[in-house]
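# Structural overview for review
The chain contents come next:
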Amino acid sequence: MAFGPAVSEQGAERADEAAEDLALMARVRDGDREALVAIVRRYQDELIGFFYHLCGDQLRSEELAQDVFVRVYAARTRWQPTARLRTWLYRIAHNLWIDQLRRQRPLLSLDAERASDGQRWHEVLAAAPAREAPDEEHRRYLRQRVQAALAALPAGQREVFVLACDQGLPYRDIAEILGIPEGTVKSRMHHAVRALRDRLADLLEDEA
Amino acid sequence: MNEDPLLAAVQRGDPRCPDGRALARLGALVRADRPRSVDLCARVRAALPADDHALAGLDPWGKTPPPPLWARRGRASAPRARRLAAIWSALSGPGPRWHLPLWLCLALLAVLAVVLLLFGALQRAAPPAP
(Lines give C-alpha, C1' and ligand atoms only; values in the text may rest on other atoms or scores of the structure.)
Protein backbone atom coordinates (compact mmCIF):
# COMPACT_ATOMS: atom_id res chain seq x y z
CA MET A 1 0.00 0.00 0.00
CA ALA A 2 3.01 2.19 0.44
CA PHE A 3 3.13 2.61 -3.35
CA GLY A 4 -0.52 3.68 -3.57
CA PRO A 5 -0.28 7.48 -3.52
CA ALA A 6 2.92 7.56 -5.59
CA VAL A 7 1.43 5.28 -8.25
CA SER A 8 -1.81 7.24 -8.42
CA GLU A 9 0.11 10.52 -8.64
CA GLN A 10 2.20 9.08 -11.46
CA GLY A 11 -0.96 7.87 -13.20
CA ALA A 12 -2.55 11.30 -12.86
CA GLU A 13 0.58 12.93 -14.25
CA ARG A 14 0.54 10.59 -17.25
CA ALA A 15 -3.14 11.32 -17.86
CA ASP A 16 -2.45 15.07 -17.74
CA GLU A 17 0.48 14.66 -20.09
CA ALA A 18 -1.61 12.61 -22.53
CA ALA A 19 -4.40 15.21 -22.42
CA GLU A 20 -1.92 18.01 -23.12
CA ASP A 21 -0.38 15.99 -25.98
CA LEU A 22 -3.82 15.51 -27.45
CA ALA A 23 -4.62 19.21 -27.26
CA LEU A 24 -1.26 20.13 -28.80
CA MET A 25 -1.62 17.64 -31.65
CA ALA A 26 -5.13 18.87 -32.36
CA ARG A 27 -3.62 22.34 -32.84
CA VAL A 28 -0.76 20.97 -34.94
CA ARG A 29 -3.30 19.20 -37.15
CA ASP A 30 -4.87 22.58 -37.81
CA GLY A 31 -1.47 23.86 -38.96
CA ASP A 32 -0.41 25.62 -35.74
CA ARG A 33 3.39 25.61 -35.87
CA GLU A 34 3.76 26.99 -32.35
CA ALA A 35 1.98 23.91 -31.02
CA LEU A 36 4.58 21.82 -32.84
CA VAL A 37 7.30 23.86 -31.17
CA ALA A 38 5.70 23.05 -27.81
CA ILE A 39 5.87 19.36 -28.72
CA VAL A 40 9.52 19.79 -29.75
CA ARG A 41 10.28 21.34 -26.38
CA ARG A 42 8.54 18.49 -24.61
CA TYR A 43 10.11 15.54 -26.44
CA GLN A 44 13.41 16.77 -27.89
CA ASP A 45 15.60 15.44 -25.07
CA GLU A 46 13.96 12.01 -25.18
CA LEU A 47 14.37 11.67 -28.93
CA ILE A 48 17.94 12.98 -29.01
CA GLY A 49 18.72 10.49 -26.22
CA PHE A 50 17.08 7.67 -28.17
CA PHE A 51 19.16 8.33 -31.28
CA TYR A 52 22.28 9.06 -29.27
CA HIS A 53 22.25 5.63 -27.68
CA LEU A 54 21.72 4.04 -31.07
CA CYS A 55 24.47 5.86 -32.96
CA GLY A 56 26.68 7.45 -30.29
CA ASP A 57 26.88 10.69 -32.27
CA GLN A 58 25.52 13.92 -30.78
CA LEU A 59 25.14 15.91 -34.01
CA ARG A 60 23.59 13.06 -35.93
CA SER A 61 21.15 12.46 -33.07
CA GLU A 62 20.08 16.11 -33.16
CA GLU A 63 19.54 15.98 -36.93
CA LEU A 64 17.50 12.80 -36.72
CA ALA A 65 15.37 14.15 -33.86
CA GLN A 66 14.76 17.33 -35.86
CA ASP A 67 13.73 15.20 -38.83
CA VAL A 68 11.19 13.35 -36.66
CA PHE A 69 9.46 16.62 -35.74
CA VAL A 70 9.37 17.81 -39.35
CA ARG A 71 7.78 14.48 -40.33
CA VAL A 72 5.25 14.82 -37.52
CA TYR A 73 4.18 18.14 -39.00
CA ALA A 74 4.12 16.70 -42.51
CA ALA A 75 1.91 13.81 -41.39
CA ARG A 76 -0.24 15.79 -38.96
CA THR A 77 -3.49 15.16 -40.85
CA ARG A 78 -2.95 11.41 -40.57
CA TRP A 79 -2.61 11.44 -36.78
CA GLN A 80 -5.55 9.85 -34.98
CA PRO A 81 -6.45 11.03 -31.46
CA THR A 82 -6.56 7.35 -30.46
CA ALA A 83 -2.78 7.06 -30.95
CA ARG A 84 -0.59 8.17 -28.06
CA LEU A 85 1.76 10.90 -29.21
CA ARG A 86 4.85 9.45 -27.55
CA THR A 87 4.34 6.05 -29.22
CA TRP A 88 3.70 7.74 -32.56
CA LEU A 89 6.88 9.83 -32.25
CA TYR A 90 8.95 6.75 -31.48
CA ARG A 91 7.47 4.86 -34.40
CA ILE A 92 8.51 7.63 -36.75
CA ALA A 93 11.92 7.72 -35.04
CA HIS A 94 12.27 3.95 -35.39
CA ASN A 95 11.48 4.07 -39.10
CA LEU A 96 13.92 6.91 -39.65
CA TRP A 97 16.58 4.89 -37.89
CA ILE A 98 15.89 1.79 -40.02
CA ASP A 99 16.24 3.96 -43.13
CA GLN A 100 19.55 5.25 -41.82
CA LEU A 101 20.81 1.73 -41.26
CA ARG A 102 19.80 0.73 -44.78
CA ARG A 103 21.48 3.72 -46.35
CA GLN A 104 24.87 3.24 -44.81
CA ARG A 105 27.01 0.68 -43.13
CA PRO A 106 26.74 0.49 -39.34
CA LEU A 107 28.34 3.45 -37.65
CA LEU A 108 30.49 1.47 -35.30
CA SER A 109 32.56 -1.40 -36.50
CA LEU A 110 34.95 -2.78 -33.94
CA ASP A 111 37.64 -3.22 -36.58
CA ALA A 112 37.35 0.01 -38.49
CA GLU A 113 35.90 2.76 -36.35
CA ARG A 114 37.83 4.75 -33.85
CA ALA A 115 36.86 6.12 -30.49
CA SER A 116 36.81 9.87 -30.05
CA ASP A 117 40.45 10.01 -28.97
CA GLY A 118 41.68 8.03 -31.97
CA GLN A 119 41.91 4.67 -30.23
CA ARG A 120 40.33 1.69 -31.91
CA TRP A 121 37.28 0.35 -30.07
CA HIS A 122 38.91 -3.00 -29.31
CA GLU A 123 41.78 -1.10 -27.67
CA VAL A 124 39.28 0.80 -25.57
CA LEU A 125 37.57 -2.44 -24.61
CA ALA A 126 40.84 -4.12 -23.71
CA ALA A 127 42.24 -1.22 -21.73
CA ALA A 128 42.15 -1.38 -17.97
CA PRO A 129 39.90 1.15 -16.23
CA ALA A 130 41.78 4.31 -15.43
CA ARG A 131 41.28 4.12 -11.68
CA GLU A 132 43.74 6.89 -10.86
CA ALA A 133 42.55 9.14 -13.63
CA PRO A 134 40.62 12.29 -12.85
CA ASP A 135 36.82 12.04 -12.82
CA GLU A 136 36.35 13.43 -16.30
CA GLU A 137 38.72 10.94 -17.83
CA HIS A 138 37.05 8.08 -16.02
CA ARG A 139 33.63 9.25 -17.20
CA ARG A 140 34.94 9.35 -20.76
CA TYR A 141 36.28 5.85 -20.36
CA LEU A 142 32.91 4.60 -19.05
CA ARG A 143 31.10 6.36 -21.89
CA GLN A 144 33.31 4.70 -24.48
CA ARG A 145 32.86 1.27 -22.90
CA VAL A 146 29.07 1.64 -22.77
CA GLN A 147 28.86 2.97 -26.33
CA ALA A 148 31.08 0.19 -27.66
CA ALA A 149 29.04 -2.45 -25.83
CA LEU A 150 25.77 -1.03 -27.17
CA ALA A 151 27.21 -0.74 -30.69
CA ALA A 152 28.22 -4.41 -30.63
CA LEU A 153 24.60 -5.51 -30.05
CA PRO A 154 22.50 -6.55 -33.05
CA ALA A 155 20.42 -3.56 -34.20
CA GLY A 156 17.10 -5.08 -33.03
CA GLN A 157 18.38 -5.84 -29.54
CA ARG A 158 20.04 -2.43 -29.23
CA GLU A 159 16.82 -0.60 -30.05
CA VAL A 160 14.77 -2.66 -27.58
CA PHE A 161 17.34 -2.16 -24.83
CA VAL A 162 17.56 1.60 -25.40
CA LEU A 163 13.77 2.00 -25.42
CA ALA A 164 13.44 -0.07 -22.26
CA CYS A 165 16.43 1.07 -20.26
CA ASP A 166 17.00 4.66 -21.28
CA GLN A 167 13.50 5.69 -22.27
CA GLY A 168 11.82 3.59 -19.56
CA LEU A 169 9.11 2.21 -21.82
CA PRO A 170 7.18 -0.98 -20.98
CA TYR A 171 7.35 -4.00 -23.30
CA ARG A 172 3.83 -3.37 -24.59
CA ASP A 173 4.74 0.11 -25.88
CA ILE A 174 8.01 -1.11 -27.37
CA ALA A 175 6.17 -3.88 -29.22
CA GLU A 176 3.74 -1.30 -30.60
CA ILE A 177 6.55 1.02 -31.67
CA LEU A 178 8.62 -1.66 -33.38
CA GLY A 179 5.64 -3.58 -34.79
CA ILE A 180 6.76 -6.89 -33.29
CA PRO A 181 5.14 -9.25 -30.77
CA GLU A 182 5.67 -8.52 -27.08
CA GLY A 183 7.34 -11.92 -26.64
CA THR A 184 9.97 -10.96 -29.20
CA VAL A 185 10.64 -7.71 -27.33
CA LYS A 186 11.12 -9.63 -24.10
CA SER A 187 13.43 -12.15 -25.71
CA ARG A 188 15.52 -9.40 -27.37
CA MET A 189 15.77 -7.58 -24.05
CA HIS A 190 17.00 -10.70 -22.26
CA HIS A 191 19.59 -11.39 -24.96
CA ALA A 192 20.75 -7.76 -24.92
CA VAL A 193 21.11 -7.71 -21.13
CA ARG A 194 23.06 -10.96 -21.17
CA ALA A 195 25.43 -9.66 -23.86
CA LEU A 196 25.93 -6.32 -22.11
CA ARG A 197 26.56 -8.01 -18.77
CA ASP A 198 29.24 -10.14 -20.42
CA ARG A 199 30.91 -7.18 -22.11
CA LEU A 200 30.76 -4.86 -19.12
CA ALA A 201 31.24 -7.49 -16.42
CA ASP A 202 34.26 -5.77 -14.85
CA LEU A 203 32.39 -2.47 -14.52
CA LEU A 204 29.32 -4.11 -13.03
CA GLU A 205 31.34 -6.09 -10.51
CA ASP A 206 33.17 -2.96 -9.37
CA GLU A 207 30.10 -1.71 -7.60
CA ALA A 208 28.34 -4.98 -6.74
CA MET B 1 2.84 -1.86 -14.06
CA ASN B 2 5.48 -3.99 -15.72
CA GLU B 3 5.98 -7.30 -14.00
CA ASP B 4 9.16 -8.51 -15.68
CA PRO B 5 11.75 -8.48 -12.86
CA LEU B 6 14.63 -8.07 -15.32
CA LEU B 7 13.10 -4.96 -16.84
CA ALA B 8 12.23 -3.59 -13.42
CA ALA B 9 15.80 -4.20 -12.24
CA VAL B 10 17.35 -2.43 -15.25
CA GLN B 11 14.86 0.45 -15.14
CA ARG B 12 14.48 1.04 -11.42
CA GLY B 13 16.89 -1.23 -9.61
CA ASP B 14 14.10 -3.54 -8.47
CA PRO B 15 15.68 -6.11 -6.08
CA ARG B 16 13.27 -8.96 -6.97
CA CYS B 17 15.60 -10.03 -9.79
CA PRO B 18 18.37 -12.40 -8.61
CA ASP B 19 21.09 -10.18 -10.11
CA GLY B 20 19.23 -7.01 -9.31
CA ARG B 21 22.24 -4.98 -8.18
CA ALA B 22 24.34 -5.71 -11.26
CA LEU B 23 21.38 -5.02 -13.54
CA ALA B 24 20.58 -1.80 -11.74
CA ARG B 25 24.20 -0.76 -12.20
CA LEU B 26 23.98 -1.65 -15.91
CA GLY B 27 20.89 0.52 -16.31
CA ALA B 28 22.50 3.38 -14.40
CA LEU B 29 25.66 3.16 -16.53
CA VAL B 30 23.70 3.45 -19.76
CA ARG B 31 21.50 6.26 -18.47
CA ALA B 32 24.53 8.15 -17.18
CA ASP B 33 25.76 8.56 -20.75
CA ARG B 34 23.54 11.47 -21.70
CA PRO B 35 23.77 13.57 -24.85
CA ARG B 36 24.09 17.31 -24.45
CA SER B 37 20.77 19.05 -24.00
CA VAL B 38 19.99 21.06 -27.12
CA ASP B 39 17.05 23.27 -28.02
CA LEU B 40 15.78 22.19 -31.42
CA CYS B 41 12.86 24.65 -31.57
CA ALA B 42 14.55 27.20 -33.82
CA ARG B 43 15.97 24.50 -36.06
CA VAL B 44 12.61 22.79 -36.50
CA ARG B 45 10.97 26.16 -37.24
CA ALA B 46 13.64 26.84 -39.87
CA ALA B 47 13.30 23.35 -41.37
CA LEU B 48 9.56 23.79 -41.99
CA PRO B 49 8.94 25.37 -45.39
CA ALA B 50 6.75 28.45 -45.52
CA ASP B 51 4.32 26.60 -47.77
CA ASP B 52 2.81 23.47 -46.19
CA HIS B 53 2.34 21.94 -49.63
CA ALA B 54 6.12 21.58 -49.91
CA LEU B 55 5.88 18.90 -47.22
CA ALA B 56 3.24 16.92 -49.05
CA GLY B 57 5.74 14.42 -50.45
CA LEU B 58 7.49 13.80 -47.12
CA ASP B 59 6.52 10.36 -45.93
CA PRO B 60 6.57 10.04 -42.13
CA TRP B 61 7.51 6.39 -42.54
CA GLY B 62 10.51 7.12 -44.76
CA LYS B 63 11.21 4.19 -47.04
CA THR B 64 10.05 1.75 -44.40
CA PRO B 65 6.43 0.65 -44.41
CA PRO B 66 4.49 1.09 -41.18
CA PRO B 67 4.66 -1.96 -38.90
CA PRO B 68 2.39 -4.44 -40.68
CA LEU B 69 -0.95 -5.20 -39.07
CA TRP B 70 -0.52 -8.91 -39.62
CA ALA B 71 2.52 -8.92 -37.34
CA ARG B 72 0.84 -6.93 -34.61
CA ARG B 73 -2.24 -9.14 -34.55
CA GLY B 74 -0.12 -12.25 -34.30
CA ARG B 75 -1.45 -13.72 -37.55
CA ALA B 76 2.08 -14.32 -38.80
CA SER B 77 5.45 -14.94 -37.30
CA ALA B 78 7.92 -12.08 -37.08
CA PRO B 79 10.15 -13.56 -39.84
CA ARG B 80 7.14 -13.87 -42.14
CA ALA B 81 6.10 -10.31 -41.31
CA ARG B 82 9.65 -9.17 -42.14
CA ARG B 83 9.54 -11.03 -45.48
CA LEU B 84 6.20 -9.44 -46.33
CA ALA B 85 7.56 -6.04 -45.33
CA ALA B 86 10.59 -6.64 -47.57
CA ILE B 87 8.32 -7.54 -50.50
CA TRP B 88 6.27 -4.42 -49.85
CA SER B 89 9.45 -2.37 -49.72
CA ALA B 90 10.79 -3.90 -52.95
CA LEU B 91 7.52 -3.32 -54.78
CA SER B 92 7.21 0.21 -53.49
CA GLY B 93 10.72 0.99 -54.64
CA PRO B 94 12.40 4.33 -54.19
CA GLY B 95 9.74 6.11 -56.24
CA PRO B 96 6.27 7.25 -55.32
CA ARG B 97 3.74 4.94 -53.67
CA TRP B 98 1.69 4.44 -56.88
CA HIS B 99 4.33 1.95 -58.06
CA LEU B 100 2.59 -0.85 -56.16
CA PRO B 101 -0.87 -0.37 -57.70
CA LEU B 102 0.79 -0.02 -61.10
CA TRP B 103 2.57 -3.35 -60.68
CA LEU B 104 -0.64 -4.99 -59.51
CA CYS B 105 -2.52 -3.70 -62.58
CA LEU B 106 0.23 -4.93 -64.90
CA ALA B 107 0.22 -8.34 -63.22
CA LEU B 108 -3.58 -8.58 -63.59
CA LEU B 109 -3.36 -7.64 -67.27
CA ALA B 110 -0.67 -10.27 -67.82
CA VAL B 111 -2.81 -12.96 -66.17
CA LEU B 112 -5.80 -11.91 -68.27
CA ALA B 113 -3.72 -12.11 -71.47
CA VAL B 114 -2.48 -15.60 -70.59
CA VAL B 115 -6.04 -16.80 -69.87
CA LEU B 116 -7.28 -15.38 -73.20
CA LEU B 117 -4.41 -17.03 -75.08
CA LEU B 118 -5.10 -20.39 -73.43
CA PHE B 119 -8.81 -20.07 -74.13
CA GLY B 120 -8.11 -19.26 -77.80
CA ALA B 121 -5.71 -22.20 -78.10
CA LEU B 122 -8.28 -24.58 -76.58
CA GLN B 123 -10.96 -23.32 -78.95
CA ARG B 124 -8.72 -23.95 -81.95
CA ALA B 125 -7.67 -27.37 -80.69
CA ALA B 126 -11.23 -28.57 -80.01
CA PRO B 127 -12.68 -30.82 -82.79
CA PRO B 128 -15.41 -29.15 -84.88
CA ALA B 129 -18.94 -29.88 -83.77
CA PRO B 130 -20.66 -32.54 -85.91
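Residues numbered from 1 in each chain as written. Chains lettered and ligands numbered in written order. Predicted model: local features only at pLDDT ≥ 70, side-chain atom pairs only at ≥ 80, totals over all residues. Heavy atoms only, no water.

## Here we look at the overall build of chain A
Operational definition: For the purposes of this entry, the term helix denotes a DSSP run of H or I that reaches at least four residues, the term strand denotes a run of E that reaches at least two, and both are numbered from the N terminus. Three exposure classes are used, based on accessible area relative to the maximum for each residue type with a 1.4 Å probe and protein chains only: buried under 20%, partly exposed in between, and exposed over 50%. Any two residues whose heavy atoms approach within 4.5 Å are treated as being in contact.
Scanning chain A from N- to C-terminus turns up ten helices and zero strands. Mapped from its N terminus to its C terminus, chain A presents α and β elements in the order α-α-α-α-α-α-α-α-α-α. Looking at chain A as a whole, 46% of its 208 residues qualify as buried. Sequence-distant contacts, at least 24 apart, represent 60% of the contacts inside chain A between residues at least 6 apart.

## Notes on the pattern of salt bridges
Between side chains of opposite charge, a pair can form when the charged atoms approach closely. To keep things clear, this is the line we draw: What counts as a salt bridge is simple: a side-chain nitrogen of Lys or Arg found within 4 Å of a carboxyl oxygen of Asp or Glu.
Using the criterion set out here, one finds 14 salt bridges over all chains in the structure. Between A:Asp21 and A:Arg42 there is a salt bridge whose closest N-O contact spans 2.8 Å. One end of the pair, A:Asp21, is in helix 1 (residues 4-29); the other, A:Arg42, is in helix 2 (residues 33-55), and 21 residues separate them in sequence. Residue classification places A:Asp21 among the buried positions, given a relative accessible area of 6%. Salt-bridge contacts for B:Arg43 lead to A:Glu62; the nearest nitrogen and oxygen are separated by 2.9 Å.

## What to know about the nonpolar core
Applicable threshold: Residue types Ala, Val, Leu, Ile, Met, Phe, Trp, Tyr and Cys, when buried and joined through side-chain atoms within 4.5 Å, form a set referred to as a nonpolar core. An automatic or database domain assignment supplies the residue ranges for each domain.
A:Val68, A:Phe69, A:Phe161 and A:Met189 are the most contacted members of the largest nonpolar core, which has 74 residues in total. Tallying contributions element by element places helix 2 of chain A first for this core, with twelve residues. Per-domain counts for this core show at least three residues from each of domain 1 (1-110) and domain 2 (117-208) of chain A. With residues near it in sequence (within four places) discarded, A:Met189 still touches A:Val160, A:Phe161, A:Ala164, A:Tyr171, B:Leu6, B:Leu7 and B:Val10.

## Some thoughts on the interface of chain B and chain A
The condition is simple: Put simply, buried area is the surface a 1.4 Å probe can reach on two separate parts but cannot reach once they are joined, added for both. Whenever two N or O atoms come within 3.5 Å, that pair is a polar contact, provided that in protein one can donate a hydrogen and the other can accept it, and provided that, for residues adjacent in sequence, both atoms are side-chain atoms.
Taken residue by residue, the interface counts 49 residues in chain B and 61 residues in chain A. Roughly 5,100 Å² is buried in total at the junction of chain B and chain A, and carbon and sulfur atoms are behind 60% of that figure. Applying the counting rule to chain B against chain A returns four salt bridges. A salt bridge links B:Arg34 to A:Asp166; the shortest N-O distance between them is 2.6 Å. Counting every contact that joins chain B to chain A gives 20 residue pairs in polar contact (both at pLDDT 80 or more). Contributing elements (two or more residues each) for the side of chain B that touches chain A: helix 1 (5-12), helix 2 (20-32), helix 3 (41-47), helix 4 (69-72) and helix 5 (78-92) of chain B. At nine residues, helix 2 of chain B tops the list of elements feeding residues into the side of chain B that touches chain A.

## What to know about the packing of helix 7 (residues 155-166) of chain A against helix 2 of chain B
Selection rule: Inter-axis angles, ranging from 0 to 180 degrees, are taken between N-to-C directions of lines fitted to C-alpha atoms, where helices are fitted over the stretch in contact. Here is the rule for angles: anything less than 35 degrees is roughly parallel, anything more than 145 is roughly antiparallel, 65 through 115 is roughly perpendicular, and the remaining ranges are oblique. Throughout, the ten residues Ala, Val, Leu, Ile, Met, Phe, Trp, Tyr, Cys and Pro are labelled nonpolar, Asp, Glu, Lys and Arg are labelled charged, and all others, Gly among them, are labelled polar.
Axis separation between helix 7 of chain A and helix 2 of chain B bottoms out at 10 Å; the angle between their running directions is 95°. Comparing the axis directions of helix 7 of chain A and helix 2 of chain B gives the class roughly perpendicular. Mapping the contact onto sequence places A:Phe161, A:Cys165 and A:Asp166 in helix 7 of chain A and B:Leu26, B:Gly27, B:Val30 and B:Arg31 in helix 2 of chain B. When its residues are assigned to classes, the contact of helix 7 of chain A with helix 2 of chain B shows four nonpolar, one polar and two charged.

## Considering empty space enclosed by the protein
Residue and element names in this part refer to chain A. Quick reminder of the rule: Cavities and pockets were defined on a 1 Å grid built from protein atoms only: a cavity is a group of points that admits a 1.4 Å probe but offers it no way out, a pocket is an open group of points flanked by protein on both sides within 12 Å along at least five of seven lines, and a lining residue is one with an atom within 4 Å of any such point. Grid points are joined across faces, edges and corners, and a volume is the space filled by probe spheres set on the points.
Summed over the entire model, instances satisfying the criterion amount to three cavities of 30 Å³ or more. Within this model, the second largest cavity holds a volume of roughly 50 Å³. At the level of secondary structure, the elements contributing two or more residues to the lining of the second largest cavity comprise helix 2 and helix 6 (135-151). For the lining of the second largest cavity, the leading source of residues is helix 2, giving four residues. Its residues assigned to classes, the lining of the second largest cavity comprises six nonpolar, three polar and one charged. For the lining of the second largest cavity, the domains that each give at least three residues are domain 1 (1-110) and domain 2 (117-208).

## Section: the packing of helix 7 of chain A against helix 8 (residues 171-178) of chain A
Helix packing geometry: the angle between the two helix axes and the distance between the axes. Residue and element names in this part refer to chain A. The condition that has to hold: Helix crossings are classified by the rotation of the near helix relative to the far one: an anticlockwise turn of less than a right angle makes the crossing left-handed, while a clockwise turn makes it right-handed.
In the contact formed by helix 7 and helix 8, the axes pass within 10 Å of each other and the chain directions differ by 135°. What the angle tells us is that helix 7 and helix 8 run oblique. Two packed elements cross with a definite hand, and for helix 7 against helix 8 that hand is right-handed. Between helix 7 and helix 8, the contacting residues are Glu159, Val160, Leu163 and Ala164 on the first element and Ile174, Ile177 and Leu178 on the second.

## Examining helix 3 (residues 58-74) of chain A
In plain terms, the rule: The span expected for a helix works out to 1.5 Å for each residue beyond the first.
For helix 3 of chain A, which comprises 17 residues, the first-to-last C-alpha distance of 25 Å matches the rise-based estimate of 24 Å (1.5 Å per residue) to within 8%. At the N-terminal boundary of helix 3 of chain A, the capping side chain belongs to A:Asp57, with an oxygen 3.0 Å from the backbone nitrogen of A:Leu59.

## Some points on the confidence of the model for chain B
All names here are of chain B. Spelled out, the test is: Confidence of the predictor in every single residue is expressed as pLDDT, which spans 0 to 100.
Overall, the predicted model of chain B reaches an average pLDDT of 74, with 59% of residues at or above 70. Contacts for the low-pLDDT stretch residues 64-76, under 50 throughout, to residues beyond four places or in other chains number 28 contacts. Reported confidence for the predicted complex is 0.73 by ipTM and 0.67 by pTM.

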